[in-house]
Amino acid sequence: MPRTVDCVWLKREDEGLDYVPWPGELGQRVFASVGKQAWAAWLAHQTMLINENRLSPMNPKHRAYLAEQMEKFLFGGEVDNAPGFTP
């Protein structure tokens, strides 16, 4: 039976993630309170940020920026969008 969480992003119960998706305390927080649907929405937003802003996940500054954006996206806050981006 799949693990469920009270998803803070959806504000309802959802299927939980299968593994901790990010290192450290933030990853544990995501694992405990973010569902699969919310994580999929974040991954789509993260991909847009990486592509439109030409970010490299290997760059420590870019990783820190993405972690900050992930926390805002999933737990509430003002997230960045790429200027002029149209899906």
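As a reminder, the structure under discussion sits directly above these lines.
Our subject in this report is the structure included herewith. (Residues numbered from 1 in each chain as written. Predicted model: local features only at pLDDT ≥ 70, side-chain atom pairs only at ≥ 80, totals over all residues. Heavy atoms only, no water.)

## Description of the environment of H45
- Note on placement: H45 falls in helix α2 (residues 36-53).
- Looking at H45, the relative accessible area reads 10%, which means it is buried.
- Separated by 25 residues in sequence, H45 and M70 place their C-alpha atoms 8.9 Å apart.
- Residue contacts for H45: discarding those within four places in its chain leaves F73, V79, D80 and N81.
- Only 3.0 Å separates the side chain of H45 from the backbone oxygen of D80, close enough to count as a polar contact. (Helix = DSSP H or I, 4+ residues; strand = E, 2+ residues; numbered from the N terminus. Buried < 20%, exposed > 50% of the residue type's maximum accessible area, 1.4 Å probe, protein only. Contact = heavy atoms within 4.5 Å. Polar contact = N/O pair within 3.5 Å; in protein donor to acceptor, adjacent residues only side chain to side chain.)

## Section: helix α1 (residues 24-33)
- L26, G27, V30 and S33 are the residues of α1 that are buried. Around the axis of α1, the buried residues are gathered within 155 degrees of arc, so they sit on the same side.
- Those residues of α1 that are buried lie in contact with β1 (4-7), α2 and α3 (60-75). (Arc of directions from axis to C-beta.)

## Examining the packing of aromatic side chains
- Under the criterion given, the structure shown has two aromatic pairs.
- Ring geometry for W9 versus F73: centroids 5.5 Å apart, planes at 20 degrees, classification stacked. On the criterion of sequence distance, the pair formed by W9 in the loop between β1 and β2 (12-15) and F73 in helix α3 is long-range, its members being 64 residues apart.
- On the basis of relative accessibility, which here comes to 33%, the residue W9 falls in the partly exposed class.
- Between W42 and F73, the aromatic rings sit 5.5 Å apart at their centres with planes inclined by 55 degrees, giving tilted as the arrangement. With W42 in helix α2 and F73 in helix α3, the pair connects residues that are 31 residues apart, well separated along the chain. The two residues W42 and F73 agree in class, both being buried. (Phe/Tyr/Trp six-rings, centres within 6.5 Å; stacked < 30°, edge-to-face > 60°.)

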